[in-house]
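Listed here are the chains, written in short residue letters.
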Amino acid sequence: MKIEVPKDKCGKLLTSEPVIVITTVDKKGNVNGAAFGSYVRVAPLIMVAIFSGHHTYSNIKETEEFVVNLPGRDQIDSIMVFGKSYPKGVNEIQEAGLTELKSTIVRPPKIEEYKAHIECRFKWEKEVGSHMLVAGEMLIGSCDEGLLDEEGYFDVVKAEGKLN
Ligand SMILES: Cc1cc2nc3c(=O)[nH]c(=O)nc-3n(C[C@H](O)[C@H](O)[C@H](O)COP(=O)(O)O)c2cc1C
């Protein structure tokens, strides 16, 4: 037997993508990190649904840069920190006990302990319901040695699986 799911709940049938942490800086250089599950990548862009009240959104508007960080299963505890709301100026990377790693092109740092990173530059945005769909161009990536397969795809099994 099937149960009917109403229009406004249909999105809940699609569970989250593997969770990512987006790192940004404000115009003074204060670092921010937050967890995101609603995104899609259509190379060369990645589009993320970000609530406009989030520091991540205001930082991207201020500096036009962000970094997508991919955790592994062993980093699940830190996701809880990145999903929590802190006052502006709090560095969630430090709160999570993790380490900043200098990015190659953009100002926001990468998270050293995480498995992979993509540096992005803001391209455009569109209002969708309560969120802003923010598109960034993927500029350069990095990942732990040994985690790419022969065709250059990120090997989720070797990375102990990404979070869901
Ligand atoms: C697993 C998970 C997924 C999340 N996905 C999103 C998302 O896709 N979009 C969003 O706006 N917030 C999402 N959040 C909530 C933000 O991470 C949270 O509100 C965070 O405090 C925002 O931080 P900021 O104000 O520093 O940007 C998610 C939280 C968790 C734990």
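You'll find the structure just up there.
The sections below set out a description of the structure shown in this document. This is a predicted model, so every value here is computed, not measured. (Residues numbered from 1 in each chain as written. Predicted model: local features only at pLDDT ≥ 70, side-chain atom pairs only at ≥ 80, totals over all residues.)

### Considerations on the sheet that holds strand S8 (residues 116-128)
One open sheet accounts for 7 strands, arranged S2-S1-S5-S8-S9-S4-S3; its pairing is antiparallel. Looking at strand neighbours, the two that pair on one side only are strand S2 (31-36) and strand S3 (39-42), the edges of this open sheet. On average, each strand axis in the sheet is inclined to that of its neighbour by 30°, with strand direction left out of account. Sheet topology note: the S8/strand S9 (residues 131-143) ladder contains 12 bridges and is antiparallel. Among the inter-strand pairings, Ile118 is bridged to a residue of S9, identified as Gly141. Contacts from helix H1 (residues 55-63) reach strand S1 (20-25), S2, strand S4 (45-51), strand S5 (65-70), S8 and S9, with the element oriented near 50° to S1. (Pairing = 2+ DSSP bridges. Helix = DSSP H or I, 4+ residues; strand = E, 2+ residues; numbered from the N terminus. Axes fitted to C-alpha atoms, helices over the stretch in contact; angles between N-to-C directions. Contact = placed C-beta atoms within 7 Å.)

### Some remarks on the nonpolar core
Core analysis: the biggest nonpolar cluster contains 27 residues, and Ile20, Val21, Ile22, Phe36, Val48, Val67 and Val68 have the highest contact counts within it. Contributing elements (two or more residues each) for this core: S1, S2, S4, H1, S5 and S8. Examining the composition of this core, we find that 4 residues originate from one element, S5, more than from any other. (Core = buried A, V, L, I, M, F, W, Y, C linked by C-beta atoms within 7 Å. Buried ≥ 20, exposed ≤ 12 C-beta atoms within 10 Å, placed from the backbone.)

### A closer look at H1
The complete set of buried residues in H1 reads His55, Thr56, Tyr57, Asn59 and Ile60. On its buried face, H1 is in contact with S1, S2, S4, S5, S8 and S9. Count one or two residues on from H1 and you reach Glu64, which has phi positive near 65°.

This is a description of form; function is not addressed.
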